[in-house]
Structure formats: structure tokens, C-alpha cells
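# Structural overview for review
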Amino acid sequence: MKQLLASLFLLTCLPLSGIVTAQKVSGFPSLQQLQSPQNPRLGFIIHGGAGVISKGSLTPEKEKEFRDKLSEAVLAGYKALQAGKSSLDAVEIAIKILEDSPLFNAGKGAVFTNDGKNELDASIMFGKDQTAGAVAGLRRVKNPITLARAVMEKSEHVMMIGEGAEKFAAEQKIELVDPKYFWTQHRWDALQKILKEEAEKKEKVKRETEKSASEEPANRFGTVGAVALDKDGNLAAGTSTGGMTNKKYGRVGDAPIIGAGTYANNETCAVSATGWGEFFIRIGVARDVCAQMEYRALPVQNAADLVIKQKLQKMGGDGGVIAMDRFGNMGISFNSEGMYRAYINIKGEPVVEIY
Ligand code: ASP
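Residues numbered from 1 in each chain as written. Predicted model: local features only at pLDDT ≥ 70, side-chain atom pairs only at ≥ 80, totals over all residues. Heavy atoms only, no water.

### Remarks on the site of the ligand
Threshold: The near set for a molecule or strand comprises every residue that places at least one heavy atom within 4 Å of it. Counted as a polar contact is a pair of N or O atoms within 3.5 Å, where, for protein atoms, one must be capable of donating a hydrogen and the other of accepting one, and residues adjacent in sequence contribute only when both atoms are in side chains. Each accessible area is a Shrake-Rupley estimate made with a 1.4 Å probe; only the visible protein chains count as cover when residues are assessed. Here a cavity denotes a set of grid points, spaced 1 Å apart and computed over the protein atoms alone, in which a 1.4 Å probe fits but from which it cannot get out, and a pocket denotes an open set meeting protein on both sides within 12 Å along at least five of seven lines; residues with an atom within 4 Å of a point are reported as lining. Pocket or cavity membership: a molecule qualifies when more than half of its atoms sit within 2 Å of the grid points of that site.
In the vicinity of the ligand there are 10 residues, among which T223, R251, D254, T274 and G275 approach most closely. The separation between an oxygen atom of the ligand and a polar side-chain atom of T274 is 2.7 Å. At 3.0 Å from an oxygen atom of the ligand is found a main-chain nitrogen or oxygen belonging to G277. Protein contact buries 100% of the 270 Å² of open area that the ligand shows by itself. Using a 2 Å cut-off from the grid points, one finds that the ligand occupies the second largest cavity.

See the structure below:
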């Protein structure tokens with residue numbers, strides 16, 4: 001009976017385009033999870049990267065550091081929403097906190113490129129009007145997410161890269177730092193480890209580079225992202241990263257690609273992704289999650305699972321997404337061992353999860 005009611009309820013909430021296929025969909029969320037359009041909730045989820053995070057691989061102290069920082073960021077974003085700020089504000093506030101922490105592969109803790117530099121990428125999107133801003137290949141911008149938002153709101157473009165983007169940052173009075181600001185010992189050591197492995201396997205250089213970059217847990221943990229639903233029913237999503245350790249100079253991943261690493265549309269959902277970027281770009285992961293809702297009327301969790309656990313898995317990629325629909329229902333999915341994540345539950349309490 002509950003299932004039937006949930007189905008009927010969902011059908012009434014679905015965009016018209018989805019109704020035809022709705023009856024084929026299985027695995028509806030429970031009634032409790034569904035929010036009514038008359039009573040929208042504030043919603044907030046963040047992630048801090050996906051990868052091989054097995055239980056026991058983190059010391060209890062390190063795990064606490066991650067949990068504390070994720071909790072701080074998710075609460076800061078949620079409080080902003082409670083204070084009446086927009087979903088964009090909440091996304092930017094939380095991502096900035098994570099960018100300023102050396103724990104995550106974004107901002108301060110960004111990984112190194114093959115030639116020992118840090119090149120940062122970020123993007124943000126507003127579900128109300130589908131405006132978006134993205135930046136890539138930054139070396140001097142302290143908070144790439146803030147510059148992505150400035151590109152969205154203060155320029156006529158969607159994406160800006162490298163020196164031009166930094167020139168725009170200066171014009172917008174966005175904080176620039178010396179590139180040395182991004183130097184951290186643990187990320188430097190991770191690069192040195194890969195370079196050493198590469199030198200040892202010279203004959204298969206290309207192959208081994210790709211392989212080691214995907215398998216080494218320290219390599220790309222910690223891309224950060226957030227999705228939010230505000231009091232006006234507007235969704236937003238944002239993602240920020242240093243990319244993948246040992247990436248070739250100039251390589252751009254999925255995080256700043258609208259439709260791959262980030263997407264938001266009030267009609268369907270907001271998505272932020274993390275994982276092996278090349279696969280996420282080829283699938284168009286973030287947009288695909290929303291498209292599964294739009295075209296096939298899948299609930300957000302099922303849409304996320306389909307893209308991550310079936311399509312991405314089949315292609316050989318790894319990683320995950322956080323997603324939220326227009327009623328505040330959550331979709332969290334990953335095919336890696338773990339994904340740092342935090343969200344506000346139905347009672348308004350923060351929950352942090354890793355494995
Ligand atoms: N998706 C990011 C990239 O490929 C890395 C990550 O999320 O871990 O640049």
C-alpha cells in the first residue's frame with residue numbers, strides 16, 4: 001500500500017515528459033523520503049572526493065580531521081540556507097571551507113601536475129535559470145569556486161581558463177595568491193612516488209602513468225563539491241578540484257565541465273561528481289543523472305545509481321556523485337570503496353559518512 005501511495009505521489013510530481021515511462025520504474029523511495037511540492041525542504045549535501053578509502057586505511061586522528069571538516073562545511077552551508085541565503089551561496093560557502101583546508105584536493109590541498117605545478121578547476125551552476133560558470137587551469141586563485149561564480153554572474157561567458165581567467169579574477173578583486181600557497185608536503189610526496197614508479201617502468205611509460213594515477217589512493221582523493229536546495233525551491237551545484245596527481249600540464253578534468261562534473265536544473269536535479277575525470281567527461285555524468293530523471297522519470301537515487309553503478313562501472317571508470325532533486329530528495333552513489341560525504345538529514349542534523 002505504502003509503495004502504491006509512493007508511486008502515485010511520485011507520478012503527480014513528475015515532469016510531463018516522464019509520466020509515460022513512470023510505471024516501468026522500480027525501487028521507489030519510501031514515502032518518508034519524498035517531500036511534497038507544497039512543503040519543500042532545505043537540502044544540502046557535500047562531498048570530499050571518492051576513491052580507495054578502505055576501513056583502517058585512515059588513522060583515527062586523520063579520520064576525525066576529515067569528519068570534523070566535512071561537518072563544519074555542511075553545517076555552514078545549511079545555516080546559510082536557514083538564514084534565507086540562496087543555494088548558490090550555500091554551495092560557495094561550503095566549497096570555500098573545503099578549498100581552504102589542506103585535507104582536500106581543491107584549493108590549498110590541490111594535487112601536483114607532472115611538472116610539479118598546481119592547476120585548479122571549478123564550476124558552479126544555478127538550477128533556476130541554468131546559468132553556469134567554470135574555470136580551469138588556475139595557478140593563483142585561492143578559491144576557484146568564487147571565480148567560477150564570478151564568471152557566471154559578472155561575465156558574458158560560461159568558461160574561462162588560465163591567465164585570462166586570473167586576469168578576470170584580479171579585475172573582480174578576487175583573491176590571488178603566490179603559486180607556492182598550494183604547495184603541501186603530502187601532495188608533493190604523492191607526485192614523487194608516481195614519478196619514481198614511472199621511471200622504474202620506462203618501457204611502458206604511458207600505460208603505467210594512467211594506471212598508477214588511477215590506482216594510487218593518495219593520488220586524487222579530495223575533489224570537493226556541493227548541491228543545495230534553498231527556500232525558494234532553487235537548486236545549485238558546484239565542484240572544485242586540483243585534478244589528478246601527475247596529470248599532464250594543461251589537462252582539464254570533468255570538474256569544470258558543465259554536464260560532466262556539475263549540473264543543475266530545477267526541473268530535475270543538481271549534481272556534483274568526483275572520480276576519474278576522463279570517464280565522467282565521456283559519459284557526461286552530471287547531465288546524464290538529470291536526464292534519467294527527465295526522460296525516464298527515475299527517482300534521483302535510481303538515476304544516480306544507474307549512471308554510476310551501471311554506465312560508469314561498465315566503461316571502467318570509478319568515482320561517485322551527490323545529487324538532489326527539487327523536493328530535497330537525495331541521491332548518493334559511488335562505485336569506489338569510499339566517498340567522503342556529508343548531508344543534512346530529514347531531522348535537520350548533519351551526517352558524515354566515508355565508507
Ligand atoms: N574528477 C577529478 C578530475 O578528474 C578528480 C577527482 O574527482 O578525484 O579532475
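Don't stop here, the text continues.
### What to know about the sheet that holds strand β8 (residues 269-275)
Put simply, the test is: At least two DSSP bridges between two strands are needed for those strands to be called paired. Here a helix means four or more residues in a row that DSSP labels H or I, a strand means two or more in a row labelled E, and each is numbered from the N terminus. Comment: axis = line fitted to C-alpha atoms, over the contacting stretch for helices; angle = value between 0 and 180 degrees taken between N-to-C directions. Throughout, a contact is declared for two residues whenever any of their heavy atoms are within 4.5 Å.
Strand order in the open sheet formed by 4 strands is β7-β8-β9-β10, with antiparallel pairing between adjacent strands. Two strands in the sheet have a free side with no partner beyond their single neighbour: β7 (262-264) and β10 (330-334). Strand-to-strand, the axes of this sheet are offset by a mean angle of 10°, without reference to chain direction. Two strands pair when backbone bridges link them, and β8 and strand β9 (residues 319-325) are joined in this way by 7 bridges, in the antiparallel orientation. Directly across from V271, in β9, lies its bridge partner A323. On top of the sheet, helix α10 (residues 285-296) reaches β7, β8 and β9; it is set at about 145° to β8, its chief contact. Helix-sheet contacts for helix α11 (residues 300-315) involve β8, β9 and β10, and the interaxial angle to β10 is about 15°.

### Description of the pairing of β9
To keep things clear, this is the line we draw: For each residue, the accessible area found with a 1.4 Å probe, counting protein chains only, is set against the maximum for its type, and the residue is called buried under 20%, exposed over 50%, and partly exposed in between.
Counting buried positions along β9 gives 7 out of 7 residues, so the element sits mostly inside the fold. Because side chains alternate across β9, one face comprises the buried residues G319, V321, A323 and D325, and the other comprises G320, I322 and M324, equally buried.

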